[in-house]
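# Results of the structural survey
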2 protein chains.
Amino acid sequence: MLTKSSTELVRQQNSVLVLSALRRGGAASHTELSTRTGLASATVSAITADLERAGVLEKSEQQALGGRGRPRVLFSQRRDCGYLIAVRISSDTVQYSLVDYSGRLMDRFEEPRNHGAGGADAFPGEIKDALSRLVARSHIDKDAVLAISISSKGTVDAMNPTLLWSPLFGGRQFDFGKLLAPEWRAKVSLNNETLLVAQALALKADKVPESKFQALAALSLGHSIGLGIARKNRQGEIEATAPNFGHMLNSAQGGLCRCGSYGCIEASAGFYGILRSAFQVPPDTIPAKFVPLAEMDKIAASARQGNRMAEYAFRQAGVALGNGLSRLMSFYERMPVHITGPGTRYFDLLRRGIEEGLVQSHEVRLQGMPQISVNLEEQRLVFEGHLDRALTDADYDIVATKVSSS
Amino acid sequence: MLTKSSTELVRQQNSVLVLSALRRGGAASHTELSTRTGLASATVSAITADLERAGVLEKSEQQALGGRGRPRVLFSQRRDCGYLIAVRISSDTVQYSLVDYSGRLMDRFEEPRNHGAGGADAFPGEIKDALSRLVARSHIDKDAVLAISISSKGTVDAMNPTLLWSPLFGGRQFDFGKLLAPEWRAKVSLNNETLLVAQALALKADKVPESKFQALAALSLGHSIGLGIARKNRQGEIEATAPNFGHMLNSAQGGLCRCGSYGCIEASAGFYGILRSAFQVPPDTIPAKFVPLAEMDKIAASARQGNRMAEYAFRQAGVALGNGLSRLMSFYERMPVHITGPGTRYFDLLRRGIEEGLVQSHEVRLQGMPQISVNLEEQRLVFEGHLDRALTDADYDIVATKVSSS
DNA sequence: AGGTTTTTCTCGACAGTCGAGAAAATAAAT
DNA sequence: ATTTATTTTCTCGACTGTCGAGAAAAACCT
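Residues numbered from 1 in each chain as written. Chains lettered and ligands numbered in written order. Predicted model: local features only at pLDDT ≥ 70, side-chain atom pairs only at ≥ 80, totals over all residues. Heavy atoms only, no water.

### Regarding the overall build of chain A
Quick reminder of the rule: Under the scheme used here, helices are H or I runs from DSSP no shorter than 4 residues and strands are E runs no shorter than 2 residues, and both carry numbers assigned from the N terminus. The reference for a compact globule is 2.2 Å times residues^0.38; the radius of gyration itself is calculated from the C-alpha atoms. The rule is simple: take the accessible area with a 1.4 Å probe, protein chains only, and divide by the maximum for that residue type; under 20% is buried, over 50% is exposed, in between is partly exposed. Any two residues whose heavy atoms approach within 4.5 Å are treated as being in contact. In this description, accessible areas are obtained by the Shrake-Rupley approach with a 1.4 Å probe, and a residue is regarded as covered only by the protein chains that are shown. We score Asp and Glu as negative and Lys and Arg as positive, and we do not count His or the chain ends. By convention, the point assigned to a charge is CZ for Arg, NZ for Lys, CD for Glu and CG for Asp.
In terms of helices and strands, chain A carries 13 helices and 16 strands. Against the compact-globule benchmark of 22 Å for 406 residues, chain A has a radius of gyration of 24 Å, which places it among compact chains. Reported as C-alpha extents along the three principal axes, the dimensions of chain A are approximately 75 × 50 × 50 Å. Residue burial in chain A is summarised as follows: out of 406 residues, 53% are buried. Considering only residue pairs separated by 6 or more positions, chain A has 60% of its internal contacts joining residues 24 or more positions apart. When the accessible area of chain A is evaluated, it comes to approximately 17800 Å², of which 52% is carbon and sulfur surface. Across chain A, the centroid of the 47 positively charged side chains sits 3 Å from that of the 42 negatively charged ones.

### Focus: the packing of helix α9 (residues 293-304) of chain A against helix α10 (residues 308-331) of chain A
All names here are of chain A. What counts is decided by this rule: Angles shown run from 0 to 180 degrees and are taken between the N-to-C directions of axes, each axis being a line fitted to C-alpha atoms and, for helices, limited to the stretch in contact. Oblique is the label for any angle not covered by the other classes, which are roughly parallel (under 35 degrees), roughly antiparallel (over 145) and roughly perpendicular (65 to 115). Note on convention: near helix rotated counterclockwise from far helix by under a right angle means a left-handed crossing. Clockwise means right-handed. All amino acids are sorted into three groups, where Ala, Val, Leu, Ile, Met, Phe, Trp, Tyr, Cys and Pro are nonpolar, Asp, Glu, Lys and Arg are charged, and the leftover types, Gly among them, are polar.
Remark: α9 packs on α10, axes separated minimally by 7 Å, with the N-to-C direction vectors making an angle of 110°. Classified by the angle their axes make, α9 and α10 are roughly perpendicular. When the axes of α9 and α10 are compared, the crossing they make is left-handed. Residue-level inspection shows Met296, Ile299, Ala300, Ser302 and Ala303 of α9 in contact with α10, the latter providing Ala310, Glu311 and Phe314. Looking at side-chain class alone, the contact of α9 with α10 contains six nonpolar, one polar and one charged residues.

### Quick word on the domain arrangement of chain A
Residue and element names in this part refer to chain A. The condition that has to hold: Either an automatic procedure or a domain database provided the assignment from which the domain bounds are taken. Buried area: the sum, over both parts, of the accessible surface (1.4 Å probe) that disappears when the two are put together. Here a salt bridge means any side-chain nitrogen of Lys or Arg lying within 4 Å of a carboxyl oxygen belonging to Asp or Glu.
For chain A, the assigned domains read domain 1 (7-77), domain 2 (81-195 + 382-405) and domain 3 (246-375). Computed over C-alpha atoms only, the centres of domain 1 and domain 2 are separated by 30 Å. Listed by partner, the interface residues are twelve residues for domain 1 and twelve residues for domain 2. Three residues stand out in domain 1 for area buried against domain 2, namely Val16, Arg23 and Val56, and they jointly supply 44% of the buried area on that side. On the surface where domain 1 and domain 2 come into contact, there are two salt bridges. The partner of Asp395 in a salt bridge is Arg23, and the shortest N-O contact between them spans 3.1 Å.

### Considerations on the packing of helix α1 (residues 7-25) of chain A against helix α2 (residues 30-37) of chain A
Residue and element names in this part refer to chain A. The contact between α1 and α2 brings their axes to 10 Å, and the two run at 100°. Between α1 and α2, the interaxial angle falls into the category roughly perpendicular. On the side of α1, the interface is formed by Leu17, Val18, Ala21, Leu22 and Gly25, while α2 contributes Leu33, Arg36 and Thr37.

### Thoughts on the environment of Leu163 of chain B
Residues and elements named next belong to chain B. Its place among the elements puts Leu163 in strand β9 (residues 162-165). The buried category is assigned to Leu163, whose relative accessible area is 0%. Separated by 86 residues in sequence, Leu163 and Gln77 have C-alpha atoms that sit 32 Å apart. What Leu163 contacts, discounting residues up to four positions off in sequence, is Ser152, Lys153, Thr155, Val156, Phe169, Arg172, Gln173, Phe174, Phe176 and Leu190.

### Focus on unusual backbone geometry
Residues and elements named next belong to chain A. Of note, the amide linkage connecting Asn160 to Pro161 takes the cis form, showing an omega dihedral of -15°. Checked against the element boundaries, Pro161 lands in the loop between β8 (155-157) and β9 (162-165). Phi angles above zero are rare outside glycine, and His139 is one such case at about 55°. One can find His139 in the loop between α4 (119-137) and β7 (145-152). Accessibility expressed as a relative area gives 74% for His139, which makes it exposed. At Glu210, a position not held by glycine, the phi torsion is positive, near 65°. Within the fold, Glu210 resides in the loop between α6 (193-207) and β12 (215-220).

### As for the protein's contact with DNA strand D
Condition: Residues are classed as near a molecule or strand on a simple rule: at least one heavy atom within 4 Å of it. Here a polar contact means two N or O atoms within 3.5 Å. Within protein one must be a hydrogen donor candidate and the other an acceptor candidate, and residues neighboring in sequence count only if both atoms are side-chain atoms.
The immediate surroundings of DNA strand D are formed by 27 residues, with Arg72 of chain A together with Arg11, Asn14, Ala42 and Arg68 of chain B found nearest. Residue Lys4 of chain A places a side-chain N or O atom 3.1 Å away from a phosphate oxygen belonging to DNA strand D. Within the contact set of DNA strand D, a phosphate oxygen lies 3.0 Å away from a side-chain nitrogen or oxygen of Thr43 of chain B. Looking at the surface near DNA strand D, the elements that each hand over two or more residues are α2 and α3 (41-53) of chain A together with α1 (7-25) and α3 (41-53) of chain B. The dominant element in the surface near DNA strand D, judged by the number of residues it contributes, is α1 of chain B, at five residues. Residue composition of the surface near DNA strand D, grouped by class: seven nonpolar, eleven polar and nine charged.

### Things to note about helix α8 (residues 271-278) of chain A
Residue and element names in this part refer to chain A. Judged by how many residues are buried, α8 sits mostly within the fold: eight of eight residues are covered. What α8 keeps buried is the set Phe271, Tyr272, Gly273, Ile274, Leu275, Arg276, Ser277 and Ala278. Turning to α8, the residues buried within the fold contact α7 (265-269), α9 and α10. Of the residues trailing α8, Gln280 is marked for its positive phi of about 55°.

### Focus: the sheet that holds strand β14 (residues 238-241) of chain A
Residue and element names in this part refer to chain A. What counts, and what does not: Strand pairing is assigned whenever DSSP identifies at least 2 bridges connecting the two strands.
Strand order in the open sheet formed by five strands is β14-β13-β12-β15-β16, and the pairing between neighbours is mixed. The two strands at the open ends of the sheet, each matched to only one other strand, are β14 and β16 (372-374). Neighbour-to-neighbour, the strand axes of the sheet open up by a mean angle of 20°, direction not taken into account. Relative to strand β15 (residues 337-340), β12 runs parallel, the two sharing four bridges. Note on β15: the bridge partner recorded for Ser220 is Thr340. Along the sheet, α6 makes contact with β12, β13 (226-232), β14 and β15, crossing β13 at roughly 35°. Strands in contact with helix α11 (residues 347-358) are β15 and β16; relative to β16, the strand with the most contacts, it is inclined by about 160°.

### A word on the protein's contact with DNA strand C
As a structural note, the neighbourhood of DNA strand C is formed by 27 residues, with Asn14 and Arg68 of chain A together with Arg68, Arg70 and Arg72 of chain B the closest of them. Sugar and phosphate atoms represent 77% of those atoms of DNA strand C found within 4 Å of the protein. A distance of 2.8 Å separates a phosphate oxygen of DNA strand C from a polar atom in the side chain of Asn14 of chain A. One of the side-chain N or O atoms of Lys59 of chain B is found 3.3 Å from a phosphate oxygen in DNA strand C. Going through the elements one at a time, α1 and α3 of chain A together with α2 (30-37) and α3 of chain B are the ones with two or more residues in the surface near DNA strand C. The greatest single-element share of the surface near DNA strand C, amounting to five residues, is contributed by α1 of chain A. Residues that form the surface near DNA strand C fall into these classes: seven nonpolar, eleven polar and nine charged.

### What about the pairing of strand β3 (residues 74-77) of chain A?
All names here are of chain A. Both strand β1 (residues 28-29) and β3 contribute to a ladder of two bridges, which runs antiparallel. When the bridges of β3 are listed, Ser29 appears paired with Leu74. In terms of strand pairing, strand β2 (residues 57-60) meets β3 through four bridges, oriented antiparallel. Paired with Lys59 across the bridge in β3 is Phe75.

As structure tokens, this is what we get:
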């Protein structure tokens, strides 16, 4: 069903447009906002006046730099308009970041995750505590937090927001919405970690002028395998998704996976899968809970020195990844792949297998090999993805609530 | 990039809304349009007046049926506002349908396709001839044709519109846009056949009140395998895509496919793949060009009588399909599957294999088996898909051009 | 013929965008 | 010190669009 439009909606959309121009390009003057957004100067006036009245924008004076004529007055987000908390759940720690409305990092700390028995039971409580401490440290009121953006590996129900399955907690589900609902007024969102990576990469790629960005995939290699896809839709927005790539069926003859199935990509290409085949452990052995990086480095070193089984282990991992990517291209379209995560350090060993696996796709055979690149800044990308998503969401909310009621 | 909005765009969007309400619900009175669209009565007045002036709508009098009060005046599309041609390219014939703006079928004929040598060379000319004859028979001017909607099996570049690879012509490409550009002013579109099936099914599913339709897949079984996906996006529109499912990699150990690769789904589940494994022909044999249905029926009959190899051939075809569908669910989400095409008559033999293949997916294991149903009306669905897509497109075009200029 | 009922049509209020030009604020020139 | 040039911001009127309410129209009923 299409939906009706109205003049008020026009104002909303254009207000969001102004806010997003400010996000992407930084503080800007009246006239620059006009050129960035394509709106008439008079319209920008009206909108900025509204937003200023609502306490969202402020005029940051100064900047007497050169030029004659009337000095420009820069608009920027009011930092105290609201706050955002980004929570990054990783295998051994949880990182909490407090960010103000302008996107500036205010505070950050990490807490170790309790792996022992009862760790999962204590987890919700730990999160609630840490969140409370985070705002207390900066003397911020809980109700001033607009959004809490959580990321984890695993599959996620973004609507609810519930963690459905994760490498950390298995099938144990957490409904973060319910968990934080009474105490926090903030909008709680939960996203797969690699989805955020893809989002951040797409944002960057789309900023480049003349880029004609269409789509990309982010592939995170580690103990588990994550995939994020970011594509531009017809309206020109970036839409990111995170399919259950690591536990997609690779080969019916494949080994046993942590998830209990046989033949998942992860069972071949996750660290424990590589370990298993390097040491010729029977493929139906129950996978190791955790493989230290040092262990992987040893296998890689011996592969680089010509050890056949170690070489083969990385090779077959690469083929599993390449086959998975080839299916990705079949389902969507050919797109560049960005590889991140701790597994990137073995990319030299994986590369040939990946290409071998990719070339089996009809798409790749018709249109050529996609571009594959390595990105070592996974952590930063995840954080940028958090910011972009949550702040953009917050902009929409603010426009919908604060401004209309004035 | 988001884009700016304006009051004129509001009118455009609402005009499209009115036209689409008319498409879906049939001729309607003033007040009914108002309730269907949610627009105020006065707004409907203004819009219908515009559209009437532009020659798009007309008041269809009559309908004195019962009731007191002022009789309602029904609005409906002016049939002569424009015409649409749907071209359905199938393996042995090409079907041409002429439809008026209201969606009523005016004329239809089929032409056999020349399979012999030089058939592909003659094909463009044949199409041009047939299109000219179609409009001549109904005494319609070529310039009155708003859209030519073409469908074929195979992969398609929808933007151009170019047939990139098809089971009928292999890698031989046809750019229908260029082919028809000088002679026809109509907008030429090209879509995968099963995409249209999915679109039509989704349209139907979405019409049911309280359906909460989210997504579905259409799987067409025959000599080749087609998949269409239709999903509702955030704006509530139905978006359909047709991945290259038949030639997606199923198993690296799979047989030789028509496309030249090894291990495509089609190489196991297409008719020639089933035939090959039923007769234990080596899997690297070059596939049969065409398998008559009678031949398939024989294999099926012997499978139903307990012949092991025949049974196994269908079983492994089903597993290949099920595995492919399981990957579909991994990449997107769990969604119901509608099976169409000539292969549906062997569904009893395929079913167990499909379910066996599906259950290997993490998604299915977590959320349960998706609903699988058989639909025998593939032809009609393709035609409905043609109509829905092309007429909706035409509505957008008309609103953007005719109305604004008045 | 007059009342009832239902639908269609019309009018004024309100919200929004746009272009043009006035007003403001500064640097350079005189 | 005053004027001029330049650049930016602000304001005004015209235009387009939606909406709600009520008037007008066109049938049926008594």
